[in-house]
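# Architecture and fold: a report
So the chains spell out like this:
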Amino acid sequence: MNPSKSSRASALLVVSVLALAFSGCAARRQQAYLEDKAMGHVYRKPIAEVWPAAVALLQQKGFSLMKGQTGFEATTEWLMTSAPSSLGTAYARYHVRGTERGPGQCSVEFRRQDRSESRAADDTSGRGKDMGESAVGAGNSQMKRDSELEWELLQKVDPDAASALQAEAKKLD
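Quick notes on the rules
Think of each chain on its own: its residues are numbered from 1, step by step along the sequence as written. Local features in a predicted model are, by the rule used here, given only for residues with pLDDT of at least 70; side-chain atom pairs are given and counted only at 80 or more, and totals for whole chains, interfaces and linings are based on all residues. For side-chain calculations, the full set of non-hydrogen atoms in the structure is used, while hydrogens and water are omitted. A run of H or I in DSSP becomes a helix once it reaches four residues, and a run of E becomes a strand once it reaches two; helices and strands are each numbered from the N terminus. In this description, contact between two residues means that some pair of their heavy atoms is separated by no more than 4.5 Å. Note on geometry: axes are lines fitted to C-alpha atoms, helical ones only across the stretch in contact, with angles between N-to-C directions running from 0 to 180 degrees. With respect to orientation, any angle under 35 degrees is reported as roughly parallel, any angle over 145 as roughly antiparallel, any angle of 65 to 115 as roughly perpendicular, and every other angle as oblique. We define a nonpolar core as any set of buried Ala, Val, Leu, Ile, Met, Phe, Trp, Tyr and Cys residues linked to one another through side-chain atoms lying within 4.5 Å. The cut-offs for exposure are 20% and 50% of the maximum accessible area for each residue type, with area from a 1.4 Å probe on protein chains only; residues under the lower value are buried, those over the upper are exposed, and the others partly exposed.

## Concerning the side chain of Ser147
Relative to the assigned elements, Ser147 resides in helix 3 (residues 147–157). Those residues in contact with Ser147 that lie beyond four places of it in its chain are Glu35 and Met39.

## Notes on the packing of helix 3 against helix 4 (residues 159–171)
Orientation of helix 3 relative to helix 4, taken along the N-to-C sense of each, is 120 degrees, at an axis distance of 5 Å. By the criterion of interaxial angle, the relationship of helix 3 to helix 4 is oblique. In contact with Trp151, Leu154, Gln155, Lys156 and Val157 of helix 3, helix 4 contributes Pro159, Ala161, Ala162, Leu165 and Gln166.

## Some thoughts on the environment of Met143
Mapping Met143 onto the fold places it in the loop between strand 5 (133–136) and strand 6 (144–145). Counting along the chain gives 30 residues from Met143 to Gln113, while the straight-line C-alpha distance between them is 4.4 Å. Setting aside residues no more than four positions away along its own chain, Met143 makes contact with Arg93, Tyr94, His95, Arg111, Arg112 and Gln113.

## Re the nonpolar core
Ranked by internal contacts, the top residues of the largest apolar core, which has 28 residues, are Tyr43, Val96, Val108, Phe110, Leu153 and Leu154. With 7 residues, helix 2 (residues 47–60) is the largest single contributor of residues to this core. Not counting residues up to four positions away in its chain, the partners in contact with Phe110 are Ala54, Leu57, Leu58, Tyr94, His95, Val96, Lys144, Arg145, Asp146, Leu149, Glu150 and Leu153.

No statement about biological role is implied by the geometric values presented.
Laid out in structure tokens, this is it:
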């Protein structure tokens, strides 16, 4: 290959890599926009119609609701989200709340809490939590809004609004 062909090939490679990088950035910006809009979305349906889909979404992800929950607010049991390991095992749970926003309107908010537990490598006493296990969880980690899950719910419950938001997001770039 002569030097001019090599230079063109290198330039083409650089342009291709940059195009892929920028398209990835655009996709992330669009996803962030959609998730942000989902967090503020008000459904034009009563909460009694939206709530079953919110609960079903959590159940599809493997979470089970704690017993005794009533109304449009619930907390899930802790679910192991990583394989057990001496380096640490991750767990998560959700708190979901549905709120009436006016006649025939509502919003749904998902909050996620994560914790991890690990055993010290030299803990052979079997005492676990007393000696070598540390936990970050209830009381130690905050529940954070899960915009990704709220976007999933919006797509299921109000696909027309989700499509309109996707069209808006594409216009941003």
